[in-house]
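Coordinates in review
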Amino acid sequence: LTVVRELGGHNPIIAGGAIRDYVLKLGDPKDIDVFIGGEPPANMHLSEDWHSMLPRNAADGQEEEEYNGQIGTITAIQNWRYDQSDRPVQFIWIGDNDPVHYVRGFDLGTSKCYYRGSVVLGKDFLNDWHHQRITILETAFQGNQNVERSRERARNLAARYPDGAAIVERPP
């Protein structure tokens, strides 16, 4: 997070799966998502190694991605040492928005957590943790969201729980 601040980002947080997997002791995360207020610096150039790790449809090191109806720009994915293994890191620059706003829009209760100097667990996260379940939240059913994608993510996550986890849907 210090490196991100040095690049001119503000209010950076690590959110979602990496923090969830750490708190629930589900093993190493598949990637680490860093949400950053501000715009990527103009002098931020990606090395050839970074280009090879970008998502398939990324152009010039940037990909527009939607998070609960909000657009963020993934500016880079790089390998970063995390718990003795390399994990891709996504930097999502979100302009003038507060990064915590994106956590509020996540589709699974167990993903409502972030790290900003300390771990913050939302009430949906705590409720799911307490009841050994994964709740598919209202945001998964709104607008142009793909509820089947949320269901698949919930099933994959439930399979990683040592004793399994119930999946609950909370449509609007």
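Residues numbered from 1 in each chain as written. Predicted model: local features only at pLDDT ≥ 70, side-chain atom pairs only at ≥ 80, totals over all residues. Heavy atoms only, no water.

1. Regarding the side chain of serine 111
Note that serine 111 resides in the loop between α4 (99-104) and β6 (113-115). Serine 111 gets classed as buried once you look at its relative accessible area, which sits at 2%. Residues in contact with serine 111, not counting those within four places in the same chain, are Gly16, Arg20, Val103, Phe106 and Arg153. (Helix = DSSP H or I, 4+ residues; strand = E, 2+ residues; numbered from the N terminus. Buried < 20%, exposed > 50% of the residue type's maximum accessible area, 1.4 Å probe, protein only. Contact = heavy atoms within 4.5 Å.)

2. Some words on the nonpolar core
The biggest cluster of nonpolar side chains holds 24 residues, and the ones touching the most others in it are Ile14, Ile32, Val34, Phe91, Ile134 and Tyr161. Elements with a minimum of two residues in this core: α2 (17-24), β2 (32-37), β5 (85-93), β8 (133-136) and α6 (147-160). If you look at the next biggest cluster of nonpolar residues, it comprises ten residues, including Ile13, Ile92, Ile94 and Tyr114. (Core = buried A, V, L, I, M, F, W, Y, C linked by side-chain atoms within 4.5 Å.)

3. Examining unusual backbone geometry
Of note in the backbone geometry, asparagine 11 takes a positive phi value of approximately 55 degrees without being a glycine. Its location among the elements puts asparagine 11 in strand β1 (residues 10-15). Classification of asparagine 11 as partly exposed rests on a relative accessible area of 38%. The backbone of lysine 25 sits at a positive phi, close to 55 degrees, despite the residue not being glycine. Within the element layout of this structure, lysine 25 appears in the loop between α2 and β2.

4. With respect to the pattern of salt bridges
Throughout the structure, instances matching the rule amount to ten salt bridges. In this structure, the salt-bridge partner of arginine 170 is glutamate 138, at a minimum N-O distance of 3.5 Å. One end of the pair, arginine 170, is in the segment after β9 (166-169); the other, glutamate 138, is in the loop between β8 and α6, with 32 residues separating them in the sequence. With a shortest N-O distance of 2.4 Å, glutamate 148 and arginine 151 are connected by a salt bridge. Of the two residues, glutamate 148 and arginine 151 both sit in helix α6, three residues apart, roughly one turn of that helix. Judged by its relative accessible area of 22%, arginine 151 falls in the partly exposed class. (Salt bridge = Lys/Arg side-chain N within 4 Å of Asp/Glu carboxyl O.)

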